[in-house]
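# Structural overview
Residues per chain, in single letters:
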Amino acid sequence: MIYWDSGDERDSKRSLGIRDKQILYRNAKGRCQNPGCGKKIDFDEMEIGHKTAWSRGGITTFRNSVCLCHRCNKLQGTDSWAVFMKKQNIKDPKTELKESLKNLTLQELKLLAAKHKVRVAGYVEEDLFSSRRVAPTKSQYITKLSKVVTDSDLRSRPKPPPKPKRRARRKSDSWW
Ligand SMILES: [Zn+2]
């Protein structure tokens, strides 16, 4: 006999397995992971929030999930985690870090990358006749650096070397 439970089939994409839920709950120490709440909840009460809301294309993976109480899950609604934090006026260190990285120049980002031995690869653009290497964009640097850079790095950020003399910019020099 073949069972075909279409309900489970659909839901499996929306929710974590029981083991992941248990790990999530344990990692959250049985508390709502909204920093503005922190309420102690039972395992049965736990609702899974998404860093990127499901309705906005966020997939249900362990990394995208947060343990929330009912109230906070409702409160987050379809907002992303970052927006949810902003609305509550909670400063998320990771988001803050990204914001400060955005204020740096590409030159400064490159120096930080070098300091942390982070390699940021550009990509190769190809057309019919040739291919050329396109330098990584600022946002590629920011994504990579936000994983390794700490607050203190930014406070004591390396001084950029004196500006090079003006030279004719080739077209490929404009990165963004
Ligand atoms: Zn809560």
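Everything below is about the structure shown above.
Residues numbered from 1 in each chain as written. Predicted model: local features only at pLDDT ≥ 70, side-chain atom pairs only at ≥ 80, totals over all residues.

### A word on the overall build of the protein
Threshold: Only DSSP runs of H or I covering at least 4 residues are called helices, and only runs of E covering at least 2 are called strands; the numbering of each starts at the N terminus. Counting other C-beta atoms within 10 Å of each residue's C-beta, where C-beta atoms are placed from the backbone, gives the exposure class: buried for 20 or more, exposed for 12 or fewer, partly exposed between. Residue pairs are scored as contacts if the distance between their C-beta atoms, which are placed from the backbone, is within 7 Å.
The helix and strand tally for the protein stands at 8 helices and 4 strands. For the protein, the sequential pattern of α-helices and β-strands runs α-α-β-β-α-α-α-α-β-β-α-α. A buried classification covers 15% of the 176 residues belonging to the protein. Partitioning the contacts of the protein with sequence separation of at least 6, the portion at a separation of at least 24 is 59%.

### Digging into helix H7 (residues 138-145)
Short version of the rule: What the arc describes is the spread of directions from the helix axis to the C-beta atoms.
Residues Tyr141, Ile142, Lys144 and Leu145 constitute the buried set of H7. Down the axis of H7, the buried set is contained in an arc of 170 degrees. They therefore lie on one face. Structurally, H7 contributes buried residues whose contacts are with helix H5 (93-102) and helix H6 (106-115).

### Some thoughts on the environment of Thr60
Position of Thr60 among the secondary structure elements: in the loop between strand S1 (47-50) and strand S2 (65-68). For Thr60, a count of 17 C-beta atoms within 10 Å translates into the label partly exposed. Taking the C-alpha atoms as reference points, Thr60 and Leu16, separated by 44 residues in sequence, lie 6.7 Å from one another.

### Here's the deal with unusual backbone geometry
One non-glycine residue, Lys29, lies in positive phi territory at about 55 degrees. Assignment of secondary structure puts Lys29 in the loop between helix H2 (18-27) and S1. Of the residues examined, Lys29 has 10 C-beta atoms within 10 Å and is grouped as exposed. Here Lys117, not a glycine, exhibits a phi torsion of approximately 55 degrees, which is positive. Counting through the fold element by element, Lys117 comes out in the loop between H6 and strand S3 (123-126). We classify Lys117 as exposed; it has 7 C-beta atoms within 10 Å.

### Description of the packing of H6 against H7
Where we set the bar: Interaxial angles span 0 to 180 degrees and are taken between N-to-C directions of axes, which are lines fitted to C-alpha atoms, for helices over the stretch in contact. Note: crossing handedness is left-handed where the near helix turns anticlockwise from the far helix by less than a right angle, and right-handed where it turns clockwise. Amino acid classes used here: Ala, Val, Leu, Ile, Met, Phe, Trp, Tyr, Cys and Pro are nonpolar; Asp, Glu, Lys and Arg are charged; the rest, including Gly, are polar.
Following both chains from N to C, one finds H6 and H7 inclined at 35 degrees, their axes separated by 10 Å at the closest point. Crossing handedness for the pair H6 and H7: left-handed. Residue-level contacts link Leu106, Leu109, Leu112 and Ala113 of H6 to Lys138, Tyr141 and Leu145 of H7. Grouping the constituent residues of the contact of H6 with H7 by class yields 6 nonpolar, no polar and 1 charged.

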